[in-house]
Amino acid sequence: MIKTFDIVSEVVDEANKRFGPLWKLSERNLNILNQYCVALDTLYEHIDPSMIEAYIDEDDMTIQIKVRCPEIVIMTKHNLFYMLTSRTVRMEFSHIDNENILLTFVFPSLWERV
């Protein structure tokens, strides 16, 4: 399975070109996001995702990672899913068809104004 950070890196590289001279990518923030991506990869072992996509919100420069899966069972707040949601700017759940839900993890921007 492809790693989440590989997917995120592609959109970050493209955004970095667009944001150009006004914004600088923070290596510290990128390393933190990498840790979140590794945690997501571990979470996938429990939720069997059928789709993983990443986007950059052009308005606030946050990172959105969307994961489609058939279900997610949360028994206690002391688990990997809860840890990830507590690190997000925003977390969204959407019912997208009769068999799947869409989880959207929104993480802080990676860029700092130059």
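A few points on the structure. Bear in mind that the values here come from a model prediction, so they are computed numbers and not experimental data.

Section: the environment of valine 73
By secondary structure assignment, the location of valine 73 is in the loop between strand E3 (63–69) and helix H3 (80–87). Along the primary structure valine 73 and tyrosine 36 are separated by 37 residues, whereas in three dimensions their C-alpha atoms are 20 Å apart.

Considerations on the state of the cysteines
One pass over the full model with this rule turns up zero disulfides. Lacking any disulfide linkage, cysteine 37 is separated from the closest cysteine sulfur, that of cysteine 69, by 16 Å. Exposure remark for cysteine 37: the relative accessible area of 0% places this residue in the buried category. Residue classification places cysteine 69 among the buried residues on the basis of a relative accessible area of 0%.

Here's the deal with the sheet that holds E3
Judged by pairing direction, the sheet is antiparallel, and its four strands sit side by side in the order E2-E3-E5-E4 without closing on themselves. The open sheet has two free edges, formed respectively by strand E2 (51–56) and strand E4 (90–95), since each of these has just one partner strand. Taken pair by pair, the neighbouring strands of this sheet meet at an average axis angle of 15 degrees, ignoring direction. Summarising the sheet, E3 and strand E5 (residues 101–107) pair through seven bridges and their orientation is antiparallel.

Some remarks on the nonpolar core
Core analysis: the biggest nonpolar cluster contains 32 residues, and Ile63, Ile65, Leu103, Phe105, Phe107 and Trp111 have the highest contact counts within it. If you list the elements that add at least two residues to this core, you get helix H1 (4–19), helix H2 (27–47), E2, E3, H3 and E5. Per-element tally for this core: the top contributor is H2, with nine residues. Beyond its immediate sequence surroundings of up to four residues, leucine 103 is in contact with Ile47, Ile65, Lys66, Val67, Cys69, Ile72, Phe81, Met91, Glu92 and Phe93.

Reading the values: the criteria
Residues numbered from 1 in each chain as written. Predicted model: local features only at pLDDT ≥ 70, side-chain atom pairs only at ≥ 80, totals over all residues. Heavy atoms only, no water. Helix = DSSP H or I, 4+ residues; strand = E, 2+ residues; numbered from the N terminus. Disulfide = S-S within 2.5 Å. Buried < 20%, exposed > 50% of the residue type's maximum accessible area, 1.4 Å probe, protein only. Pairing = 2+ DSSP bridges. Axes fitted to C-alpha atoms, helices over the stretch in contact; angles between N-to-C directions. Core = buried A, V, L, I, M, F, W, Y, C linked by side-chain atoms within 4.5 Å. Contact = heavy atoms within 4.5 Å.

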